[in-house]
Amino acid sequence: MSIILDAFYSLGKNFNKTRGKTAEVETEEGIVSDKFPELKLNTPNEDLLKLTTKWQKSWIESDVYTEWLANIENNENYWKGKQHDQPKADKQRPLIDNVIFESLETYLPQVTRRNPDPMVTLSRKEKQTPENLAFAQELQKELGEIADEVVLRLKLKKGARHWAIYLLGALKPGWDLNKDIPTVKVIRPKKLILDSNATIDEDGYTGEYVGEHRKLPASEILSILESIGGEDEGIKKIKELAVDKNNLPALATEIGFIEWWTAQYMCWTLGDDKVLLKKKNPHWNYDTRKEAPYTEQGQPQIDENGQQAMEDVVGINHFSVPKIPYVLLSVFNLGKQPVDETSLIGQNLASQDLVNKRLKQIDKNADSMNGGMVVSLERSGLTQQQAKGVTEALRRGGTVTIPAGSVTDAVARMSAPALPNDIYLQLQDTRTRMRDIFGTRGSSAAGLATEDTVRGKLQNRMLDTDRIGGGFSEYLEQMADSIYNWFVQLLYVYDERYAGKPKPKVRVSVKEGSLLPKDSTTLANQAIELAGQNRMSLIDLYKALDYPNHEEMAANVWLETNAPEILFANDPRIQQVIKAKQSASGEKKPPSESINFKDLPPEGQAQMAEQAGIKLHPEALAAYNENKAKEEVAKDITAEAGKRSIPIPMTEEVE
């Protein structure tokens, strides 16, 4: 089973599809695309090769692919610093101000500072029982742990960088056999083969197929094919390719092939003449049939035909339909093609050229301001050869004498005039404009330098947050949302704890705004203010301040107040002080029972009163207590007589 999963590490029917079309065919009726048969498991290999070859040819020969390659080449070169109009100090180090790189690499960290927070809730139709709620809570915790384990945040950043440069971001969910958990890997978009008539909208990729150029060692390919039932011709072809010049096996040789996916099926093809394997979508629990359980008497159940009775087993899945295991990121898309039609970098290419041009002018003018010298041979009385020596001596700071004539008339230094201020102001304005397009003007030190007031800096920062949050963060959050849903589907298929067991229907999403740019200083100040008003616990405060050991810190604060002897158990000095205080306060004495003052004899009452600073005579206390007792008896007799309704005998008065 593990080898099967390894084969599909590359790791639905699409409803309401919006097929991307060019302007010429968007309003046409009838057949508006090439005729493609449907990929099925029983499709003959010859027909399958014709189909996949047609898919590949359709993508490579499309106008979308040609224009896309030209755009991403420019984007990649400018991001690297290989730009036009490059003033060079030497052949290796061009003097450029790469505002594109600065802006993009300021932009990306803001939206990928933390892992997107998964949220798992029960479907509205599910019963809100304690068991179902506990399942949703545990699943949410597991998704958070998986995201941390597979460094989802960094992969989202890499996918976003690919989107900015290659006009498309691509992540591929799958199962990690080594860690035995769901995972996701970033795919370079140039490796993909897409449907040129498809697009990427709010529901994802609308194409029927995706191809990916892959390569694996021959030994691994053979192990996979021989274990899960690859095509015999494909196995033979791999063995033929994996030989050295001496016709000996060279199984470490990497062999490239194309992996094709539809919602229901996947296959591997090698060139246009060999199919390596073809299988159903491995990331889906299909409905199956199995033998009916035996009766209580241990007898098999028999159907009407006298055969072993069978029963249907419904596959448990998180998705409603099988899906192609690719999550694609597209933002600037008009619904006509599967890649962006423009990009942040593409919108700034002309401005970057202008920045380089102005930088070149300033550099050239600065060099010219060092100036050359003009020597009048007539007025100086020097020859041309002597004049060259004069200029060299002056550059070295030496002393030169001339035979005749005025020095100022004989030699003149020629310097270029300073450039007008408009040149530098335009350079600054162009840089600022580029940062505005990216949404990083208030997020970089260079962008904030143009603002003189704190209020202005804060306003720029807030505008950046709104610009990035409304323009890109929501797309990245949706990408993370799709990945978390894929993680749940993969758990249902491959994890024994989930596979084959009925589960409540859950909704998996990402906490809204979890990827919005957030200023650390502002958040920290807000947390400190809430804690000062007793509106936030210590542990939540330490979490907000991003302390890695927030639970331990909060526990130490409580121990320091309530049980310092435990917190400082390893420090003998503090233990000595604590013991001394306990001895002085009598804390080590065994607890004594509490005795009421009235229960003590007169001598004890006198002693207790004396400790309180009151002097009482024991005989007086005895007489007082005796009279008090008589009064209590009289009250009891009166109360009892009242209950019986009989007269109370009067006592004789004492003269």
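In this report, the structure presented in the accompanying data block is examined. Quick caveat, the model's predicted, so the values are computed rather than measured. (Residues numbered from 1 in each chain as written. Predicted model: local features only at pLDDT ≥ 70, side-chain atom pairs only at ≥ 80, totals over all residues. Heavy atoms only, no water.)

### As for the sheet that holds strand S13 (residues 327-329)
Read from one edge of the open sheet, three strands run S3-S2-S13, paired in antiparallel fashion. The outermost strands of the open sheet, each flanked by one partner alone, are strand S3 (181-186) and S13. If you compare each strand with its neighbour and ignore which way they point, the axes differ by 25 degrees on average. By the bridge criterion, three bridges tie strand S2 (residues 169-176) to S13 in an arrangement that is antiparallel. Each residue of the ladder has a partner; that of Leu171, found in S13, is Val327. Strand contacts of helix H6 (residues 152-166): S2, S3 and S13, with the helix running at about 25 degrees to S3, the strand carrying the most contacts. (Pairing = 2+ DSSP bridges. Helix = DSSP H or I, 4+ residues; strand = E, 2+ residues; numbered from the N terminus. Axes fitted to C-alpha atoms, helices over the stretch in contact; angles between N-to-C directions. Contact = heavy atoms within 4.5 Å.)

### Points about the packing of aromatic side chains
According to the stated counting rule, one finds 14 aromatic pairs in the structure shown. On the basis of an interplanar angle of 55 degrees and a centroid distance of 5.4 Å, the ring pair of Trp55 and Trp260 is categorised as tilted. Residue Trp55 is found in helix H2 (residues 45-60), and its partner Trp260 is found in strand S8 (residues 254-261); the two are separated by 205 residues along the sequence. Taking relative accessible area as the criterion, Trp55 reaches 4% and is therefore assigned buried. Relative to Trp268, the ring of Phe257 has its centre 4.6 Å away and its plane inclined at 35 degrees; by these criteria the two rings are tilted. Here Phe257 is found in strand S8, whereas its partner Trp268 is found in strand S9 (residues 265-270), with eleven residues between them in sequence. On the accessibility criterion, Phe257 (2% relative accessible area) is buried. (Phe/Tyr/Trp six-rings, centres within 6.5 Å; stacked < 30°, edge-to-face > 60°. Buried < 20%, exposed > 50% of the residue type's maximum accessible area, 1.4 Å probe, protein only.)

### Quick notes on the side chain of Asn485
Inspection of the secondary structure puts Asn485 in helix H15 (residues 454-494). Among the polar contacts made by the side chain of Asn485, one reaches the main-chain carbonyl oxygen of Asp481 at a distance of 2.8 Å. With sequence-adjacent residues up to four places away left out, Asn485 is seen in contact with His318, Phe319 and Val508. (Polar contact = N/O pair within 3.5 Å; in protein donor to acceptor, adjacent residues only side chain to side chain.)

From the geometry alone we can't say anything about function, so treat these as descriptive.
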